[in-house]
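Topology and contacts: notes
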Amino acid sequence: MFEADAASRALGIELTLLGPGTAQVRMAVGPDMVNGHGIAHGGFVFALADTAFACACNSHGPVTVAAAAEVAFILAVREGDVLTADAQERVVFGRSGIYDVTVRRGAQVVAEFRGRSRQTKRVEDR
């Protein structure tokens with residue numbers, strides 16, 4: 001799935017680890033990702049976490065999409081920061097799942113993300 005993700009590639013996101021229900025991705029914050037306050041736009045931090053979430057929930061094989069997600073921004077992120085997002089499956093029930101993603105700059109937690117997934121069942125949803 002990640003190989004076909006043009007949006008994540010355009011942001012410079014790299015997949016660094018993939019396992020059953022888990023994934024890690026990395027991204028460097030570029031000058032075009034900074035808002036008027038001189039900090040990374042939250043949408044880019046969210047996109048990084050969402051990519052880790054997508055990789056983790058699709059690691060089992062069936063096509064799986066986001067049903068909902070939320071993020072808590074903990075610390076400001078700046079141009080030049082290298083962020084790592086670690087996704088971990090918490091529970092899968094039926095075609096649904098819950099995943100937590102921690103976004104870090106080095107050892108510092110900068111954001112926490114929780115996503116709810118849903119496996120598709122129709123070919124046209126793929």
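Before any of the text, the structure's been laid out above.
In this text the structure is predicted, and so the values were computed from the model without any measurement.

Here's the deal with the packing of aromatic side chains
Considering all chains together, one arrives at three aromatic pairs under this definition. Taken together, the ring pairs connect Phe46, Phe53, Tyr99 and Phe113 into an aromatic cluster.

What about the pattern of salt bridges?
The tally for this structure, following the rule as stated, stands at five salt bridges. Linking Arg104 and Asp86 is a salt bridge whose minimum nitrogen-to-oxygen distance equals 3.5 Å. Residue Arg104 is found in strand β5 (residues 96-105), and its partner Asp86 is found in strand β4 (residues 82-93); the two are separated by 18 residues along the sequence. Asp100 is the salt-bridge partner of Arg90, the closest N and O atoms lying 2.9 Å from each other.

Some remarks on the pairing of strand β1 (residues 14-19)
By the bridge criterion, five bridges tie β1 to strand β2 (residues 22-28) in an arrangement that is antiparallel. Bridge pairing links Glu14 to Arg26 in β2. Where β1 folds back on β2, the antiparallel hairpin that results is connected by two residues, among which Gly21 adopts a positive phi of roughly 75 degrees.

Remarks on the environment of Ala72
Within the secondary structure, Ala72 is located in strand β3 (residues 64-73). Between the alpha carbons of Ala72 and Thr102 there is a distance of 9.9 Å; along the sequence they are 30 residues apart. When neighbours within four sequence positions are excluded, Ala72 is seen to be in contact with Val110, Ala111 and Glu112.

About the criteria used
- Residues numbered from 1 in each chain as written.
- Predicted model: local features only at pLDDT ≥ 70, side-chain atom pairs only at ≥ 80, totals over all residues.
- Heavy atoms only, no water.
- Phe/Tyr/Trp six-rings, centres within 6.5 Å; stacked < 30°, edge-to-face > 60°.
- Salt bridge = Lys/Arg side-chain N within 4 Å of Asp/Glu carboxyl O.
- Helix = DSSP H or I, 4+ residues; strand = E, 2+ residues; numbered from the N terminus.
- Pairing = 2+ DSSP bridges.
- Contact = heavy atoms within 4.5 Å.

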